[in-house]
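Observations on chain architecture
Here's the letter readout for the chains.
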Amino acid sequence: MRAGVTRFWDYDGGWGVVDSDANSGGCWVHFSAVHREGYRYLTEGEPVRFEFVAAAVREYKYRAVAVYPC
């Protein structure tokens, strides 16, 4: 698990980007990876803990597989 901060969230598209020291350039996040009750989303600037894998999605080198808002 890594600590990070949400850089961007596209509410209409259901995806966003999380930044941390562990993944330069950002980590792509799909709403299905967000562990939150009800509507799954992240808020820009929100601290999170997350797991990721190396997988190119859009211009990002990493994809989150589980994201837990703090």
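Observations regarding the overall build of the chain
For the chain, the count of helices and strands is zero helices and five strands. Taken from N to C terminus, the helices and strands of the chain fall in the order β-β-β-β-β. Its C-alpha atoms give the chain a radius of gyration of 10 Å, near enough to 11 Å, the size a compact globule of 70 residues would have. Each of the three principal axes of the chain carries a C-alpha extent, and together these read 30 × 20 × 20 Å. When each of the 70 residues of the chain is scored for burial, the buried share is 37%. Put simply, 49% of the contacts in the chain that link residues at least 6 apart link residues at least 24 apart. When the accessible surface of the chain is summed, it comes to about 4,100 Å², and 50% of that surface belongs to carbon and sulfur atoms.

Side note on the environment of Met1
Structurally, the position occupied by Met1 is in the segment before strand E1 (2–10). Distance in space between the C-alpha atoms of Met1 and Ala33 is 14 Å, their sequence separation being 32 residues. Met1 has contacts with Arg49, Phe50, Glu51 and Tyr68, leaving out every residue within four places of it along the chain.

Notes on the nonpolar core
Within the largest apolar cluster, 11 residues are counted, these being Trp9, Val18, Cys27, Val29, Val34, Leu42, Val48, Phe50, Tyr62, Ala64 and Val67. For this core, the leading source of residues is strand E5 (residues 60–69), giving three residues. Setting aside residues no more than four positions away along its own chain, Cys27 makes contact with Gly16, Val17, Val18, Phe50, Phe52, Tyr62, Arg63 and Ala64.

The rules we used
Residues numbered from 1 in each chain as written. Predicted model: local features only at pLDDT ≥ 70, side-chain atom pairs only at ≥ 80, totals over all residues. Heavy atoms only, no water. Helix = DSSP H or I, 4+ residues; strand = E, 2+ residues; numbered from the N terminus. Rg over C-alpha atoms; globule rule 2.2 N^0.38 Å. Buried < 20%, exposed > 50% of the residue type's maximum accessible area, 1.4 Å probe, protein only. Contact = heavy atoms within 4.5 Å. Areas by Shrake-Rupley, 256 points an atom, 1.4 Å probe, with all protein chains shown as cover. Core = buried A, V, L, I, M, F, W, Y, C linked by side-chain atoms within 4.5 Å.

Such coordinate-based values are descriptive only and should not be taken to indicate function.
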